[in-house]
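The primary structure of each chain is shown beneath.
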Amino acid sequence: MSNLTVRSHAERLPLGLPDAFFDRDAQVLAKELLGKVIRHRVGDLWLSARIIETEAYYCAEKGSHASLGYTEKRKALFLDGGHIYMYYARGGDSLNFSAQGPGNAVLIKSAYPWVDEISGPASLAQMLLNNPDAQGRARPSQKLCGGQTLLCKALGLKVPVWDAKRFDHEVLLVEDTGPAPAHIIQTTRLGIPHGRDEHLMYRFVDAAYAQWCTRNPLRRGQVEGRDYFLL
């Protein structure tokens with residue numbers, strides 16, 4: 001995958017999406033976030049990744065954390081759209097954004113490293129250092145953010161720092177770098193226990209990056225119209 005040509009460092013500053021962008025239906029937000037770039041400034045570097053996979057969650061359905069009720073830990077889910085909700089999944093940090101309506105949110109399921117005039121090769125090198133494989137070796141860059149906890153590790157995002165916060169456009173933001181995905185795949189979410197609305201097709205994948213998401217919805221055996229829809 002290619003993106004913008006690398007130019008001189010800090011040729012421009014990133015422009016974060018306003019909070020109002022997130023104040024929309026969770027499924028709409030989940031689709032609109034595909035192709036957007038998350039940027040996290042660590043020291044002098046902007047660590048960046050293009051969102052390629054999202055999952056929508058609603059308070060009224062059993063797959064969501066919010067369906068278990070309000071707690072202090074889950075309060076970000078019940079705040080206005082554009083609040084950050086982070087939690088631990090199998091020991092790793094996970095990133096979510098609140099959407100329109102109490103208890104509704106979008107999980108950022110996976111992303112793809114993004115290199116441009118703001119986030120150059122040094123930023124990618126730092127992300128590789130942040131997220132080595134189990135043997136301590138550098139991961140292939142295509143797989144660096146291929147999962148919700150891998151994404152947070154590569155970008156250096158931590159639950160204690162960002163949970164229940166708003167975006168700080170000098171440190172953490174989501175930017176529209178364009179263009180939007182040409183095609184979006186809609187399918188079922190991952191890791192939802194049986195009997196907790198696991199059948200709902202609330203997962204969205206940028207079709208051009210399907211092979212690099214958490215689980216490829218176009219893998220062998222999957223049938224369009226049954227297992228997924230192409231939007």
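Definitions and cut-offs
- Position labels on residues start from 1 in each chain and follow its written sequence.
- Given that the model is predicted, a residue must reach a pLDDT of at least 70 before its local features are reported, and side-chain atom pairs must reach 80 or more before they are shown or counted; all residues, however, enter totals for whole chains, interfaces and linings.
- By convention in this description, side-chain values take in all heavy atoms of the structure and omit both hydrogens and water.
- Numbering of helices and strands starts at the N terminus; helices are DSSP runs of H or I of at least 4 residues and strands are runs of E of at least 2.
- Two things to know: the radius of gyration comes from C-alpha atoms, and the globule rule equals 2.2 Å times the number of residues to the power 0.38.
- Note on contacts: a residue pair qualifies if any of its non-hydrogen atoms lie within 4.5 Å across the two residues.
- With residues, only the protein chains shown are counted as cover, and all accessible areas are computed by Shrake-Rupley using a 1.4 Å probe.
- Burial classes follow relative accessibility: with a 1.4 Å probe on protein chains only, a residue under 20% of its type's maximum area counts as buried, one over 50% as exposed, and anything between as partly exposed.
- What the arc describes is the spread of directions from the helix axis to the C-beta atoms.
- Two strands pair if DSSP finds at least two bridges between them.
- Polar contact criterion, stated in full: a pair of N or O atoms within 3.5 Å, where within protein one must be able to donate a hydrogen and the other to accept it, and residues adjacent in sequence count only if both atoms are side-chain atoms.
- Take the buried Ala, Val, Leu, Ile, Met, Phe, Trp, Tyr and Cys residues and link them wherever side-chain atoms come within 4.5 Å; each set so joined is a nonpolar core.

1. What to know about the overall build of the chain
Piece 1. Counting its regular elements, the chain contains 4 helices and 9 strands.
Piece 2. Computed over its C-alpha atoms, the radius of gyration of the chain comes to 17 Å, within 12% of the 17 Å expected for a compact globule of 231 residues.
Piece 3. In terms of overall dimensions, the chain has a C-alpha envelope of 50 × 40 × 35 Å along the principal axes.
Piece 4. If you take every contact in the chain between residues at least 6 apart in sequence, the share linking residues at least 24 apart comes to 68%.
Piece 5. Accessible surface computed for the chain: about 10,700 Å², of which carbon and sulfur atoms make up 54%.

2. Description of helix H3 (residues 148-155)
Piece 1. Taken residue by residue, H3 has Gln148, Leu151, Cys152, Ala154 and Leu155 as its buried positions. One side of H3 carries all its buried residues, which in axial view fall inside an arc of 165°.
Piece 2. Looking at the buried residues of H3, the elements they touch are strand S1 (37-42), strand S2 (45-57), strand S3 (84-89), strand S4 (92-98), strand S5 (105-113) and helix H2 (121-130).
Piece 3. Trailing H3 by a residue or two, Gly156 shows a phi angle of about 75°, which is positive.

3. So, the pairing of strand S8 (residues 203-206)
Piece 1. Judged by which residues are buried, S8 turns out to be covered on both faces: Arg203 and Val205 on one side and Phe204 and Asp206 on the other are all buried.
Piece 2. Pairing of S2 with S8, which is carried by 3 bridges, proceeds in the antiparallel orientation. The residue bridging Thr54 from the neighbouring strand is Phe204, located in S8.
Piece 3. Of the strand pairs in this sheet, strand S7 (residues 184-187) and S8 are connected by 4 bridges, and their pairing is antiparallel. Residue pairing for S8: Thr187 is matched across the bridge by Arg203.

4. Comments concerning helix H1 (residues 26-33)
Piece 1. Within H1, burial applies to Ala26, Leu29, Ala30 and Leu33. Along H1, the residues classed as buried sweep out an arc of 100° about the axis, all on the same side.
Piece 2. Residues of H1 that are buried in the fold lie against S2, S4, S5, strand S6 (172-175) and S8.
Piece 3. With a side-chain oxygen positioned 3.0 Å from the backbone nitrogen of Gln27, the residue opening H1 is Asp25.
Piece 4. Gly35 lies just past H1 and shows a positive phi near 90°.

5. A closer look at the nonpolar core
Piece 1. Ranked by internal contacts, the top residues of the largest apolar core, which has 39 residues, are Phe22, Leu33, Ile38, Leu95, Phe97 and Ile108.
Piece 2. The set of elements that each furnish at least two residues to this core consists of H1, S2, S3, S4, S5, H3, helix H4 (159-162) and S6.
Piece 3. Core analysis: the second largest hydrophobic core is formed by 10 residues, Tyr85, Tyr87, Ala105 and Ile192 among them.

6. Some details on the pairing of S1
Piece 1. Bridge count for S1 against S2 is 6 bridges, and the pairing is antiparallel. Within S2, the residue paired with Val42 across the bridge is Leu45.
Piece 2. The turn joining S1 and S2, which pair antiparallel and follow one another in sequence, is formed by 2 residues; a positive phi near 65° is taken by Gly43.
Piece 3. As paired elements, S1 and S6 share 4 bridges and run antiparallel to each other. When the bridges of S6 are listed, Ile38 appears paired with Val174.

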